[in-house]
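Coordinates in review
Given next are the chains, with one letter for each unit.
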Amino acid sequence: MSKKILIANRGEIALRALRACRELGLKTVSVYSEIDKDLKHLKFSDETVCIGPAIPAESYLNVPSILSAAELTEVDAIYPGYGFLAENPDFAEQCDKSGFKFIGPNSDTIRKMGDKITAKAFVSKFNIPIVPGYSDDLPEDDEQLKTIVNNIGYPVIIKATAGGGGRGMRIVEAEDELLSTIDITMQEAGNAFGNNKIYIEKFIENPRHIEVQIVGDGKGNAIHLGTRDCSMQRRHQKIIEEAPALDIDSQNLQNILDSCVNLCKEINYEGVGTLEFLYENKNFYFIEMNTRIQVEHPVTEMITGFDIVKAQLRIALDLGITLNQDEISFNGHAIECRINAEDPETLQPSPGVISKMHTAGGFGIRYDSHIYGGYYVPPFYDSLLAKIITQANTRKSAIKRMISALDEFFVEGIKTNQPLHQDILNDKKFIENEHTINYLEKEFLKLK
Ligand code: ADP
């Protein structure tokens with residue numbers, strides 16, 4: 001293959017994409033912001049282009065600048081990674097219109113899944129259970145509204161259609177708070193997202209976060225790569241992820257997997273994607289679909305041996321998915337810890353120079369990271385520094401391997417959340433897989 005790919009991202013995912021391109025014999029163009037000139041992957045890229053100043057709006061979100069770089073270097077396709085422009089349908093459309101293949105689904109699919117109400121309505125046509133709720137326009141009459149919500153049953157959650165990143169949501173415990181909470185959420189959503197549309201969902205009180213990885217070739221073939229459990233969260237942000245999700249009702253799970261694959265086949269889904277669910281009392285409730293690679297994709301790769309990033313590239317280059325569903329097997333258990341540059345106590349970002357560091361390694365240990373000794377962690381971007389992934393025959397062995405890997409890993413000069421990971425990995429409830437999405441904040445941190 002003598003095609004050329006532009007990598008429109010930074011940090012660990014840019015390095016991950018570059019490695020996949022090199023293995024496939026693809027040429028690479030890496031774009032970077034002024035402050036990112038020392039990023040690791042730039043040293044291995046065939047060509048590099050500076051696309052603007054550090055501020056994301058002027059570089060990694062600067063569509064004209066990225067498209068100019070693509071034109072200048074005559075690339076065939078653009079790899080978006082996660083974050084930045086990865087789920088921006090207008091960007092996907094502009095890439096394709098400018099003659100550069102956007103590596104991902106088409107812009108219509110990205111747009112449909114990007115709006116939470118249309119996404120829910122859409123997936124429910126495919127036998128995928130959604131959180132019960134109300135998403136039509138609210139009735140003028142307050143009594144009518146109260147009846148609707150009574151039928152859903154308290155507690156409910158009021159969510160902004162345009163919300164994201166865990167923002168734009170409020171819980172209502174009882175009827176006397178309903179009208180005022182709706183008003184506040186609408187006001188806040190109007191201010192924050194320029195759109196005050198809201199919808200109402202049953203609040204699922206103590207669920208786990210379970211997601212399904214899918215891959216489609218854009219021509220009606222699709223497979224799933226099983227599940228992940230991302231219940232260890234803080235402020236709705238995932239901290240530890242695992243594959244597969246354990247202790248899930250097997251019949252319900254099979255139905256969900258079949259429905260997800262069926263949806264992808266029916267809509268000729270192209271690329272990789274993740275359907276996210278809350279899971280409680282053996283029931284799945286769809287919350288959203290991400291039409292891109294996820295940060296936590298390595299845990300799935302480790303148990304399946306399936307290279308998800310290479311699959312993205314192959315599919316975009318019209319080479320299809322190389323395996324059938326019955327050729328995908330699941331081996332053992334994998335865990336990922338996200339090491340972030342942040343103060344473990346205050347959660348504030350901790351940018352600065354890494355004076356000294358040592359990575360983790362050894363049998364069953366994978367380390368995905370762009371950092372090195374002397375590297376300056378800039379304050380402008382996501383705080384993810386490294387992903388440490390361990391794989392072993394059982395969940396408990398994978399946890400032990402992670403404890404050992406984290407003991408070896410160290411970063412000096414800036415603060416990281418490594419101590420938090422070490423505490424969680426030694427926590428009895430985590431070890432027994434008894435935690436839900438509320439556990440870290442509502443129990444674990446309170447006990448500390
Ligand atoms: P965002 O796009 O902001 O991430 P999501 O709809 O994916 O929003 O929800 C983010 C998180 O909010 C979920 O992982 C869960 O913790 C919580 N959440 C969302 N909807 C509900 C619900 N109906 N019941 C309980 N928790 C919910």
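Shown above is the structure to which this text applies.
Residues numbered from 1 in each chain as written. Predicted model: local features only at pLDDT ≥ 70, side-chain atom pairs only at ≥ 80, totals over all residues. Heavy atoms only, no water.

**Looking at the sheet that holds strand S10 (residues 208-217)**
The antiparallel open sheet is built from 8 strands, whose spatial order is S14-S13-S10-S11-S12-S15-S20-S18. Two strands lie at the open edges of the sheet, namely strand S14 (283-290) and strand S18 (365-369), each paired on one side alone. Strand after strand, the sheet turns through a mean of 25° between neighbouring axes, direction not considered. Packing of helix H10 (residues 308-316) onto the sheet brings it into contact with S10, strand S11 (222-234) and strand S13 (270-280), and relative to S13 it is tilted by some 135°. (Pairing = 2+ DSSP bridges. Helix = DSSP H or I, 4+ residues; strand = E, 2+ residues; numbered from the N terminus. Axes fitted to C-alpha atoms, helices over the stretch in contact; angles between N-to-C directions. Contact = heavy atoms within 4.5 Å.)

**Thoughts on the packing of helix H4 (residues 107-114) against helix H5 (residues 116-124)**
Direction vectors running N to C along H4 and H5 enclose 100°, while the axes themselves pass 5 Å from each other. Comparing their axes, H5 and H4 come out roughly perpendicular. Mapping the contact onto sequence places Lys112, Met113 and Gly114 in H4 and Lys116, Thr118, Ala119, Phe122 and Val123 in H5. Each residue belonging to the contact of H4 with H5 can be placed in one class, and the counts come to 4 nonpolar, 2 polar and 2 charged. (Parallel < 35°, antiparallel > 145°, perpendicular 65-115°, else oblique. Nonpolar A, V, L, I, M, F, W, Y, C, P; charged D, E, K, R; others polar.)

**Details of the pattern of salt bridges**
Counted by the stated rule, this structure contains 32 salt bridges. In this structure, the salt-bridge partner of Asp108 is Arg111, at a minimum N-O distance of 3.9 Å. Remark: Arg111 and Asp108 occur in helix H4; sequence separation between them is 3 residues, near one turn of the helix. Lys238 is the partner of Glu211 in a salt bridge, and the nearest nitrogen-oxygen pair spans 3.0 Å. Here the residue Glu211 occupies a position in strand S10, and Lys238 occupies one in strand S12 (residues 237-243), the gap between them amounting to 27 residues. The exposure class assigned to Lys238 is buried, which follows from its relative accessible area of 13%. The structure contains a network of salt bridges with shared partners spanning Glu211, Arg228, Lys238, Glu241, Glu276, Glu296 and Arg338. (Salt bridge = Lys/Arg side-chain N within 4 Å of Asp/Glu carboxyl O. Buried < 20%, exposed > 50% of the residue type's maximum accessible area, 1.4 Å probe, protein only.)

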